[in-house]
Amino acid sequence: MKKITTLTFLFFFLGISVFSQEKKKFSNIDTVLGKIVPNGKVDFWVLVNNKYGKNREVKVSGTKQDYLPQFVGFNFRPGEESFYYIVSSVGGKISYLTDLKELKEFIGKVDNAEEAALSAVLDGYLIDEQFVDIAANYYDDKTNYYLDLGKITSKECPYQKTHFTLTVNKSTGVVSNVKDNGTYIEVYTKNCTNNPRLLKIEKKEEPKDEPKKQPAKKRK
């Protein structure tokens, strides 16, 4: 009996430990991109954010050399006039990474949770800075990263975002499971014919005809 009680307590304790594990947040895109570990050896690399035409160096790794500002790049914030690009040097030759394919090659093997999240973004997911608790966080164990990320699932009426939990193997970087956690935001516009507010408008009742008043009788 004592053995059974001990095992029951052990399973109960392990269950609490798994479900109460604290999730770590991806605070913003800058921090996530700054955690990139280049796939190969580089002399230096610089992560640059261009917002409204102004360049800002987010991270500098190694001894930076002069480089030319770029006017195109990859965008991680849909709807915002900003983009990122990476300047890197291998053997003294400077290269400019301005599209997602080049970024994927630069990341190479998944080395940390941030790179796992970026790999998912390259497949259409979203690190949603506005909803960090729902769609920009993770926890991990010895084998996997468990990423909570968003995804734009409809650009029609209504505009819609859904959040998912992706299980990513630490050794291979392969996504072994995707759990759909449901919609967390829906935005309707006035032009949406399926806007629930418009559908709930009730027709006003037509005014009833009032009885005609009889003319008053004249006194004799």
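Heads up: these notes are all about the structure in this document.

Parameters and conventions
- Residues numbered from 1 in each chain as written.
- Predicted model: local features only at pLDDT ≥ 70, side-chain atom pairs only at ≥ 80, totals over all residues.
- Heavy atoms only, no water.
- Helix = DSSP H or I, 4+ residues; strand = E, 2+ residues; numbered from the N terminus.
- Buried < 20%, exposed > 50% of the residue type's maximum accessible area, 1.4 Å probe, protein only.
- Contact = heavy atoms within 4.5 Å.
- Areas by Shrake-Rupley, 256 points an atom, 1.4 Å probe, with all protein chains shown as cover.
- Pairing = 2+ DSSP bridges.
- Axes fitted to C-alpha atoms, helices over the stretch in contact; angles between N-to-C directions.
- Core = buried A, V, L, I, M, F, W, Y, C linked by side-chain atoms within 4.5 Å.
- Polar contact = N/O pair within 3.5 Å; in protein donor to acceptor, adjacent residues only side chain to side chain.

Take the overall build of the protein next. Broken down by element type, the protein carries six helices and nine strands. A burial count over the protein gives 34% of its 220 residues as buried. Here the analysis covers contacts within the protein between residues at least 6 apart in sequence; of these, 52% occur between residues at least 24 apart. When the accessible surface of the protein is totalled, it reaches about 15,700 Å², and 54% of it is carbon and sulfur.

Inspection of the secondary structure puts Phe 83 in strand β4 (residues 82-90). In this structure, the C-alpha to C-alpha distance between Phe 83 and Thr 98, residues 15 residues apart in sequence, is 9.0 Å. Not counting the four nearest positions on each side in its chain, Phe 83 is found in contact with Val 48, Asn 49, Asn 50, Gln 70, Phe 71, Val 72, Gly 73 and Phe 74.

Note on sheets: strands pair through backbone hydrogen bonds, and any given pair is parallel or antiparallel. Strands sit in the order β1-β6-β7-β8-β9 across an open sheet of five strands; the sheet is antiparallel. Edge strands, defined here as strands with exactly one partner in the open sheet, are β1 (24-25) and β9 (175-187). Direction of pairing for strand β8 (residues 159-169) relative to β9: antiparallel, over a ladder of nine bridges. Bridge pairing in β9 places Thr 162 opposite Thr 183. Relative to strand β7 (residues 144-154), helix α4 (residues 113-121) is tilted by about 30°, and along the sheet it contacts β6 (136-140), β7 and β8.

This part is about the nonpolar core. In a soluble, globular protein the nonpolar side chains are often hidden away together inside. The biggest cluster of nonpolar side chains holds 34 residues, and the ones touching the most others in it are Phe 26, Ile 36, Phe 76, Ile 86, Ile 127 and Leu 147. Secondary-structure elements contributing two or more residues to this core are α2 (29-34), β2 (44-51), β4, α3 (100-107), α4, β6, β7 and β8. Here the element with the most residues in this core is α4; it accounts for six residues. Beyond its immediate sequence surroundings of up to four residues, Leu 147 is in contact with Phe 26, Ala 113, Ala 116, Ala 117, Asn 137, Tyr 138, Phe 164, Thr 165, Leu 166 and Val 168. Residues Phe 44, Phe 83, Tyr 85 and Val 87 belong to the second largest nonpolar core, which totals six residues.

So, on to the side chain of Asp 148. Structurally, Asp 148 can be placed in strand β7. Among the polar contacts listed, one links the side chain of Asp 148 to the side chain of Lys 23, at a separation of 2.6 Å. Among all residues touching Asp 148, those that are not within four sequence positions of it are Lys 23, Ile 134, Ala 135, Ala 136, Asn 137, Phe 164, Thr 165 and Asn 181.

Further remarks concern the sheet that holds strand β5 (residues 93-97). An order of β3-β2-β4-β5 is seen for the four strands of this open sheet, with the pairing classed as antiparallel. Only two strands of the sheet have a single neighbouring strand rather than two, namely β3 (54-62) and β5. On average, adjacent strands in this sheet sit at an angle of 20° to one another, irrespective of strand direction. Sheet analysis places β4 next to β5, joined by five bridges and oriented antiparallel. Bridging across to β5, Ser 89 finds its partner in Ile 94. α3 contacts β2, β4 and β5 of the sheet and is inclined by roughly 125° relative to β5.

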